[in-house]
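Descriptive structure summary
Read off the chains here:
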Amino acid sequence: MDAGTTLLGSLLACTGVLGAAVVAYLGKRGENALSGYSTLTERLQSERDRLERQIAERDSRIDELRTLHAADQSEIARLRLDNHRLGGTT
């Protein structure tokens, strides 16, 4: 019975070690997955920030062009009035 108990204890210890190895392996996989997720999240956030800056620059340029367009339209209207006042045709 002493040999049987030793064998049973050895089998249980071996099973425990294998179980611990499986848990460690799965834990490492989870850690790698979490690290990859964090890296992906950081890349997406930096991409979003870059795109937001581009959109802000584009909106600023659109506002600048709208201002120039309004000034051009005002100048065109003034020149048409001058042309009409001086007897020209449009």
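Preceding this section is the structure that the text describes.
Note that the structure is predicted; figures quoted are calculated from it, not measured.

All right, on to the overall build of the protein then. Helix and strand counts for the protein come out as one helix and zero strands. In terms of overall dimensions, the protein is more spread out than a globule: its C-alpha atoms have a radius of gyration of 38 Å, far above the 12 Å expected for 90 residues. In terms of its C-alpha atoms, the protein occupies a principal-axis envelope of roughly 125 × 15 × 10 Å. The buried share of the protein, reckoned over its 90 residues, is 0%. Summed over all atoms, the accessible surface of the protein reaches about 8000 Å², with 62% contributed by carbon and sulfur. Looking at charge distribution, the protein has the averaged site of its 12 positive side-chain charges lying 6 Å from that of its 13 negative ones.

Moving on: the pattern of salt bridges. Applying the stated criterion to the full structure yields nine salt bridges. A salt bridge links Asp 82 to Arg 78; the shortest N-O distance between them is 2.8 Å. Of the two residues, Asp 82 and Arg 78 are both situated in helix H1 (residues 2–85); the distance of four residues between them amounts to about one turn of the helix. A single salt-bridge network, built from bridges that share partners, covers Glu 75, Arg 78, Asp 82 and Arg 85.

In this section: a nonpolar patch on the surface. Among the surface-exposed residues, Val 22, Tyr 25 and Leu 26 lie close enough to one another that they form a single nonpolar patch of about 320 Å² accessible area. Here Tyr 25 shows up in helix H1.

Reading the values: rules and limits
- Residues numbered from 1 in each chain as written.
- Predicted model: local features only at pLDDT ≥ 70, side-chain atom pairs only at ≥ 80, totals over all residues.
- Heavy atoms only, no water.
- Helix = DSSP H or I, 4+ residues; strand = E, 2+ residues; numbered from the N terminus.
- Rg over C-alpha atoms; globule rule 2.2 N^0.38 Å.
- Buried < 20%, exposed > 50% of the residue type's maximum accessible area, 1.4 Å probe, protein only.
- Areas by Shrake-Rupley, 256 points an atom, 1.4 Å probe, with all protein chains shown as cover.
- Lys, Arg positive; Asp, Glu negative; His and termini not counted.
- Charge placed at Lys NZ, Arg CZ, Asp CG, Glu CD.
- Salt bridge = Lys/Arg side-chain N within 4 Å of Asp/Glu carboxyl O.
- Patch = residues over 30% accessible without salt bridge, like charges linked within 9 Å, V, L, I, M, F, W, Y side chains within 5 Å.

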